[in-house]
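Descriptive structure summary
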Amino acid sequence: MTFTIKCMDCGYNAPYFPTATTCPKCNSQWREAEYDYELIGRTLPAKLANRTFDLWRYRELLPVRNPNPGMSLGEGGSPLVRAANLGLMLGCPNIFIKDERQGPTASFKDRQASVTIAALKEAGITELVAASTGNVAISYSAYASRAGMKLWAFVTSLVPAVKMREIALYGSQVIKITGSYDQCKQVASEFARQRGVYQDMGARTITSIEAMKTIAFEIAEQLTYMEEAGPNPPWRSPDWYVQAISGGMGPLGVYKGFREMKEMGWTERIPALAPIQAEGCAPMVTSWKKGLEKAEVVSSPQTHIETLATGDPGRSYEFLRQRVNDTNGAFESVTDEEAFRAMHVLAKMEGISAEPAAAAAFAGLFKLIRAGIIKPSDTVVVNCTGHTMPAESFVLGDNWSRDVKFPSKQETPQEGLLSALTQVAPEKFPKIVIVEDTAEARRLIRRILQSQGNFTILEATNGRAGLELIQKELPDLIILDLMMPETDGFTVIEALRSKPETAAIPVIVATAKELTPDEKSRLNGQIQALLQKGDFLNDEFLEEVKSLIK
Ligand SMILES: [Zn+2]
């Protein structure tokens, strides 16, 4: 046995029993596992090459004595995906997505559930209670059923019905509490106490933090692999780790993972942490911004994102605050609308459909990059989780599907088909011409426009071709590069303005460099907007596009 449980308040070391949830000396509920870092740090790296890429490859650093492969569902080992398009758009090329959607129940909680259930099973426990905003209960249910354990799942009535049904499908007892998540946790605690059933304590459960830290181990191994730096430590750390939080368990665990790696000489540093909350329930963010040591409780959360609705983070805030400050990180909050918009951007730019909670992390990323807190040269890893029911109707808004009625009897089949087709695309899409000599920039502008609305987009690769295309198509809007060989943007504008049929077409100029006063005066009165490249994610760009094509 190479680990003990150390009290985070008094420092007392005790052996590990999952059911003993407090420090025998001071009664604190805040304790964490401690390992023989010298021994493991020296011996484990050489063993990794022959192990499967799942979280059990780090089993010497997990509080389970004999992991049972028969209970595994392939947890951990999620891909680290480079977000090249987001990187281009944000002017921050080294953004990576830790794709936790690819866990057995599609959320990062699978790590917590697999390690916790393994430890409980080992200790002979057969029943457990968990309060959840949805994903935890689904994950625990899956692993509990595999281990032959009974789960009492306490969920708030805000949890989407489809998630509740999934919990029930695994054989767990669903108890729906009409009230806040904090109230739901209170009822669960009381139920567990009265019946003498083991209760999951979220971030205070030893196995939760231990499971989450495997995310850090994987990120370091994967970043190193992607840089083709060879398997042996030291491994790479990102500059930032971004994750949306409710109780804060994810970043707390990831911090511990990097701290342990640093201690073992596997990495050189711990990344800055950026925990993101929903503005309607952001007790940690507001408390941190006010410089408070203890969190101000949000008693009635106002967010659609029910998985982020912990109003009372308790001492998790104190620990996370310390970690964020120690790493020069930042807490940030985003509105539900910003999260939903990020969800669309992520899906349309990177092919990744995340649930709203994970999208909040991306909205937070956008905000921190725009604020200059995350620098263009920084390497950033964003945790993306939860694929269950990502698109509630309020996320998609109206008109996400179109009802097409097929022909009445009076029409011939051809007429019927035509009328059906006009119903499929009833409006004429506004036409936009992009004149830009860099292929990458054309692709990016097209992608951004396509991700935000229905446009007919035409492209020209130089000024001369652009002029011809514009005269032929008479578009509703032109997006024009200034610096092009031969016919540059200035020449294009002058030519357009001199002809009556093109004189009134609005032009947005996109430029990569700061303009001289002389160049600015040449554009004065000739164009509708001037945008710096790399600035396209600003709502300004799309607002501008939408206002100009009305
Ligand atoms: Zn203690």
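For the structure, see preceding data.
Residues numbered from 1 in each chain as written. Predicted model: local features only at pLDDT ≥ 70, side-chain atom pairs only at ≥ 80, totals over all residues. Heavy atoms only, no water.

**Some remarks on the overall build of the chain**
A count of helical and extended segments in the chain gives 19 helices and 18 strands. Rg of the C-alpha trace for the chain: 27 Å, near the compact-globule value of 24 Å for 550 residues, within the 12% margin. Along the first, second and third principal axes, the C-alpha atoms of the chain reach 85 × 65 × 45 Å. The buried share of the chain, taken over its 550 residues, is 53%. Taking the intrachain contacts of the chain between residues at least 6 apart in sequence as the baseline, contacts between residues at least 24 apart amount to 69%. (Helix = DSSP H or I, 4+ residues; strand = E, 2+ residues; numbered from the N terminus. Rg over C-alpha atoms; globule rule 2.2 N^0.38 Å. Buried < 20%, exposed > 50% of the residue type's maximum accessible area, 1.4 Å probe, protein only. Contact = heavy atoms within 4.5 Å.)

**What to know about the pattern of salt bridges**
Within the structure shown, the criterion is met by 32 salt bridges. A salt bridge links Arg236 to Glu227; the shortest N-O distance between them is 2.5 Å. Given the relative accessible area of 32%, Arg236 is considered partly exposed. Classification of Glu227 as partly exposed rests on a relative accessible area of 47%. The partner of Lys472 in a salt bridge is Glu473, and the shortest N-O contact between them spans 3.6 Å. (Salt bridge = Lys/Arg side-chain N within 4 Å of Asp/Glu carboxyl O.)

**Re the coordination of the zinc ion**
At the metal site, the zinc ion is ligated by Cys7 (SG), Cys10 (SG), Cys23 (SG) and Cys26 (SG), and these contacts range over 2.3 to 2.4 Å. Around the zinc ion, the four donor atoms sit at angles spanning 104 to 116°, and that spread fits a shape best called tetrahedral. In primary-sequence terms, the residues that donate to the zinc ion follow C-x2-C-x12-C-x2-C. The exposure class of Cys23 is buried, given its relative accessible area of 1%. (Donors = N, O, S within 2.8 Å, 3.2 Å for Na, K, Ca; no water. Tetrahedral: all angles 85-135°; square planar, octahedral: opposite > 155°, others 65-115°.)

**Focus: the packing of helix H4 (residues 135–147) against helix H5 (residues 161–169)**
Where H4 meets H5, the closest approach of the two axes is 8 Å, and the angle between their N-to-C directions is 20°. With respect to their mutual orientation, H4 and H5 come out roughly parallel. The chirality of how H4 crosses H5 is left-handed. Residue-level contacts link Asn135, Ala137, Ile138 and Ser141 of H4 to Lys163, Glu166 and Ile167 of H5. (Axes fitted to C-alpha atoms, helices over the stretch in contact; angles between N-to-C directions. Parallel < 35°, antiparallel > 145°, perpendicular 65-115°, else oblique. Left-handed = near helix turned anticlockwise from the far one by under 90°.)

**Some remarks on the nonpolar core**
The biggest cluster of nonpolar side chains holds 77 residues, and the ones touching the most others in it are Leu61, Ile117, Leu128, Met149, Met261 and Leu320. Residue contributions to this core peak at 10 residues, all from helix H7 (residues 206–226). Membership of the second largest hydrophobic core comes to 57 residues, among which are Trp240, Ala363, Ile369 and Ile508. (Core = buried A, V, L, I, M, F, W, Y, C linked by side-chain atoms within 4.5 Å.)

**What to know about the packing of aromatic side chains**
As enumerated under the stated definition, the model contains 11 aromatic pairs in all. Seen in terms of ring centroids, Trp30 and Phe319 are 4.9 Å apart; in terms of plane orientation they differ by 40°. Their pairing is tilted. Pair noted here: Trp30 is in the loop between strand E2 (13–14) and strand E3 (31–35) and Phe319 is in helix H10 (residues 315–326), with a separation of 289 residues, a long-range link. We classify Trp30 as buried; its relative accessible area is 9%. Residue Phe319 is classed as buried on the basis of its relative accessible area, which comes to 9%. Grouped by ring-pair contacts, the aromatic residues Phe3, Tyr16, Tyr35 and Tyr37 constitute a single cluster. The ring centre of Trp152 lies 4.7 Å from the NZ or CZ of Lys150, which sits over that ring. (Phe/Tyr/Trp six-rings, centres within 6.5 Å; stacked < 30°, edge-to-face > 60°. Lys NZ or Arg CZ within 6 Å of the ring centre and 35° of its normal.)

**Here's the deal with the pairing of strand E15 (residues 456–460)**
Two elements, strand E14 (residues 431–435) and E15, share five bridges in a ladder whose sense is parallel. Residue pairing in the sheet places Ile432 in a bridge with Ile457 of E15. You can see the chain leave E14, run along helix H15 (residues 439–452) and come back into E15, and the turn it takes is right-handed. (Pairing = 2+ DSSP bridges. Right-handed = clockwise from strand over helix to strand, strands pointing away.)

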